[in-house]
Amino acid sequence: MPVISTSAVRRTALGAAGAAVAGIGYATLIERNAFVLREATMPVLAPGSPTLRILHVSDLHMMPGQQLKQQWLRELDRLEPDLVVNTGDNLSHPKAVPAVVQSLGALLARPGLFVFGSNDYFAPVPKNPLKYFKKDHRRVYGDPLPWKDLRAAFTERGWLDLTHTRRDLEVAGIRIASAGVDDPHLQRDRYDTVAGAPNQLAQLSIGVTHSPEPRVLDRFAEDGYDLVLAGHTHGGQLVVPGYGALVTNCGIDKSRVKGASQWGEHTQLHVSAGIGTSPWAPYRFCCRPEATLLTLVGAQPKRPSADTGFGISTSEAVAR
């Protein structure tokens, strides 16, 4: 067998350590603040409908001093979305409510829907990263956060709280039926409070949840919702090139950890990779922090299949 010198082993070890340090530095100092707007087109409206632009924001995990994040958020209003949907985890600090409200700024004057996540209710706490690989690990909750103040700030400016509530609204000439649940990650979801088919007069139905747990997604799909929006996953936060996300931190499979997919026969799902991170895990790798501008368009008319005679649907989301 070839003899490997001690100096060669030392050089290899130092090289590996240097690469690890460089990767941690990049993930913590650079990519965590490399905010990006992602755009996706989703054919969920009736054929011939006018387009509807939804800005999906999630997982801000705001700290008072995060100036780069706050400035980037303020610029999102330039997109002029028709509707803003916020899927929770806005806070990471008891004094972060003013920073969230000021960062969202003019977006709060636009039609908006929201639900809260675990880090709106409780401050994040240090956590062994290996626990993310165990779905049934015991959760430790931090100090209570001022979620009631945040809810008041959102609702006073016109956003609709969908927590265990159904709401109908009209946006850009499109009548929308919406419903939401409290955070399934905390086992707070009570879908029965909003169960049932959405208003049949609506041209679009939207379900909103923080964590995309399959039990909740199944209920929205069974009731016939067109679109469900969720966050929570951070897109995996750490993504291995060529492999994908290591974890989803919820019950969905890794292929759905972020972006658009189909859930069931009729319902489209969009999961945001989110804008922030826990202050105790301040890094992202191959998974940039994001907000998403969704352009909803009319679906292609169903065409008969030559083989079966049954209708088929080409409701596939296209990201660009």
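The notes below deal with the structure included here. From a predicted model like this one, the values you see are computed outputs, not experimental measurements.

As for the overall build of the protein
Piece 1. In terms of helices and strands, the protein carries six helices and 17 strands.
Piece 2. For the protein, the proportion of its 320 residues judged to be buried stands at 49%.
Piece 3. Taking contacts inside the protein between residues at least 6 apart in sequence as the whole, the part at least 24 apart equals 74%.
Piece 4. Roughly 15,200 Å² of accessible area belongs to the protein as shown, and the carbon and sulfur atoms make up 56% of that amount.

Considerations on the packing of aromatic side chains
Piece 1. Here the structure, examined in full by the defined rule, presents 11 aromatic pairs.
Piece 2. Ring centres 6.4 Å apart and planes at 45° place the aromatic pair Phe116 and Phe154 in the tilted group. One end of the pair, Phe116, is in the loop between strand S4 (112-114) and helix H4 (118-121); the other, Phe154, is in helix H5 (residues 147-156), and 38 residues separate them in sequence. Comparing Phe116 with Phe154 shows no difference in burial state: the two are buried.

Examining the pairing of strand S14 (residues 290-298)
Piece 1. Most of S14 is tucked away, with seven of its nine residues classed as buried.
Piece 2. Of the strand pairs in this sheet, strand S1 (residues 36-45) and S14 are connected by nine bridges, and their pairing is parallel. What sits directly across from Ala40, in S14, is Leu294.
Piece 3. One ladder, built from five bridges, connects strand S2 (residues 52-57) with S14; its direction is antiparallel. Note on S14: the bridge partner recorded for Leu55 is Leu293.

Quick look at the pattern of salt bridges
Piece 1. The full count for this structure, using the stated rule, is six salt bridges.
Piece 2. Among the salt bridges present, the one from Asp189 reaches Arg215, with a minimum N-O distance of 2.8 Å. A residue pair is termed long-range when its members are at least 10 positions apart, and Asp189 in the loop between strand S7 (174-180) and strand S8 (204-208) and Arg215 in helix H6 (residues 214-222) qualify at 26 residues.
Piece 3. Taking relative accessible area as the criterion, Asp189 reaches 12% and is therefore assigned buried.
Piece 4. Judged by relative accessible area, Arg215 falls into the partly exposed class, the value being 37%.
Piece 5. Between Arg256 and Asp253 there is a salt bridge whose closest N-O contact spans 3.1 Å.
Piece 6. Its relative accessible area of 37% is what places Asp253 among the partly exposed residues.

The rules behind these values
- Residues numbered from 1 in each chain as written.
- Predicted model: local features only at pLDDT ≥ 70, side-chain atom pairs only at ≥ 80, totals over all residues.
- Heavy atoms only, no water.
- Helix = DSSP H or I, 4+ residues; strand = E, 2+ residues; numbered from the N terminus.
- Buried < 20%, exposed > 50% of the residue type's maximum accessible area, 1.4 Å probe, protein only.
- Contact = heavy atoms within 4.5 Å.
- Areas by Shrake-Rupley, 256 points an atom, 1.4 Å probe, with all protein chains shown as cover.
- Phe/Tyr/Trp six-rings, centres within 6.5 Å; stacked < 30°, edge-to-face > 60°.
- Pairing = 2+ DSSP bridges.
- Salt bridge = Lys/Arg side-chain N within 4 Å of Asp/Glu carboxyl O.

Remember that the coordinates give geometry; whether it matters functionally is a separate question.
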